[in-house]
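The lines below spell out each chain.
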Amino acid sequence: MKKLLAILLAVMMVAALAVPAMAAEANLTMGTGGEAGTYYAFGGVLGSYIGQNTDIKINVVSSGGSAANITGIVVDGTYDLATVQSDVMTYAYNGSNSFEGNEMSDFRVLGGLYAESVQIVTCNPDIKSVADLAGKNVCTGDIGSGTYFNAVDILAAYGLTPDDINVKEGSFAASAEDLKDGKIDAAFVTAGAPTTAVVDLATSKDVYLISIDDEHMETLLTDCPSYFAYTIPAGTYNGFDEDTQTVCMKATLICRADLDDDVAYTIVSTIFDNIDAITELHAMGVGLSLDFATKDIEVPFSAGAARYYAEHGITVETAD
């Protein structure tokens, strides 16, 4: 009997060592974006899926967007996780561009999620170029959102500043309503396309997207290398039958720098081991891949996320 008990104890110890230690549970809050944007909708899907399939519970909340989310993690401690634009997080981490003198580097990357494009939306067919926005009423997104920083960068490529337009602030839903009512002439919308607010607008108004021409695209990509050239295909919105040349960046999932490594590992593995299931819940899931999650990311990854990617033959930079 003693020999049998010793054998059973040894087997149990070996089994315990063979299973990687995972966090039993965690209660986290994720900052996303406005309720009519893709961050909030897709963040809700991720939070729900992770909560249903692990012991990590995620409270997904709407927010002012990328810069506000980074502040919520680094300064206020409001969020444990957040979805942010890859360009904005790079500026914040390095204290550059719009974050000059205000470095916020106490966060880590879990992974890129999908491509999000800068959509310059108007209902006026006479506005054909970014240059035509001079003197117009233009919504540049919520205060602290990545959309605002995109607007500043694109205007600069055309030799304009926010002082050259009549800046209006507001969510995607608010800007869509203002376009419908003729209160503004155009709106910057940075999100995965199609975007709910623009889809709804296109059901009642003719919608046009403003392209960035080749000359100014070259200027923009030279000045802002975090961007990538991107084409929004014709047919993305009802009645819109032209391709639109614009720029995109990565919607990226980040976390507190001190998030438990096992929690980070579990979040990342649950997302990327279940891409098909997540895609069935939201179309943006089609953008999920290990390559996209890890390529061209300029901010250090969480060690827990890095462990998952290493298991799949991908080495990413960490802060260690």
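Residues numbered from 1 in each chain as written. Predicted model: local features only at pLDDT ≥ 70, side-chain atom pairs only at ≥ 80, totals over all residues. Heavy atoms only, no water.

K.L.:
Help me out: how do you make sense of the pairing of strand β1 (residues 26–31) in this one?
P.N.:
As a general feature of sheets, a regular strand has side chains that alternate between the two faces. Here β1 lies mainly inside the structure; five of its six residues are buried. For β1 and strand β2 (residues 56–61), the ladder comprises six bridges, and the chain directions are parallel. In the strand pairing of β2, M30 is matched with V60. In this region the chain leaves β1, passes through helix α2 (residues 38–53) and returns to the parallel neighbour β2; the handedness of that crossover is right-handed. Strand direction decides the pairing type here: β1 and strand β3 (residues 81–85), joined by two bridges, are parallel. Each bridged residue has a counterpart across the sheet, and for M30 the counterpart in β3 is L81. (Buried < 20%, exposed > 50% of the residue type's maximum accessible area, 1.4 Å probe, protein only. Helix = DSSP H or I, 4+ residues; strand = E, 2+ residues; numbered from the N terminus. Pairing = 2+ DSSP bridges. Right-handed = clockwise from strand over helix to strand, strands pointing away.)

K.L.:
Help me out: how do you make sense of the environment of T140 in this one?
P.N.:
For T140, the position within the fold is in the loop between β5 (137–139) and α5 (146–157). The exposure class of T140 is buried, given its relative accessible area of 2%. Measuring from C-alpha to C-alpha, the distance between T140 and P162 comes to 9.0 Å, with 22 residues separating the pair along the chain. Once you skip the residues sitting within four places of it in the chain, T140 turns out to touch S145, T147, Y148, A151, I165, V167, K168 and F188. (Contact = heavy atoms within 4.5 Å.)

K.L.:
In this structure, what is going on with the confidence of the model for the protein chain? I would like to understand it.
P.N.:
Parts of the prediction with low pLDDT should not have their coordinates interpreted in detail. When pLDDT is averaged along the protein chain, the result is 90, and 92% of the positions lie at 70 or above. Ignoring residues within four places in sequence, the model shows residues 1–24, a span with pLDDT below 50, making nine contacts including any to other chains. (pLDDT = per-residue confidence, 0-100.)

K.L.:
In this structure, what is going on with the pattern of salt bridges? I would like to understand it.
P.N.:
Inspection of every chain in the model, using the stated rule, returns four salt bridges. Of the charged contacts, one joins R256 and D258 as a salt bridge, the two residues approaching to 2.7 Å between their closest N and O atoms. By relative accessible area, R256 is classed as partly exposed at 24%. Because the salt bridges share partners, they merge into one network encompassing D80, R256 and D258. (Salt bridge = Lys/Arg side-chain N within 4 Å of Asp/Glu carboxyl O.)

K.L.:
How should the packing of aromatic side chains be read in this particular structure?
P.N.:
For any pair of aromatic rings, the description rests on two quantities: the centre-to-centre distance and the angle between the ring planes. The final tally for this structure, using the stated rule, is eight aromatic pairs. Look at F301 and Y309: their rings are 5.8 Å apart centre to centre, the planes differ by 85°, and that puts the pair in the edge-to-face class. Each member of the pair, F301 together with Y309, is buried. Each residue in the set Y265, F272, F301, Y308 and Y309 is aromatic and connected to the rest through ring pairs, giving one cluster. The ring centre of F292 lies 4.3 Å from the NZ or CZ of K250, which sits over that ring. (Phe/Tyr/Trp six-rings, centres within 6.5 Å; stacked < 30°, edge-to-face > 60°. Lys NZ or Arg CZ within 6 Å of the ring centre and 35° of its normal.)

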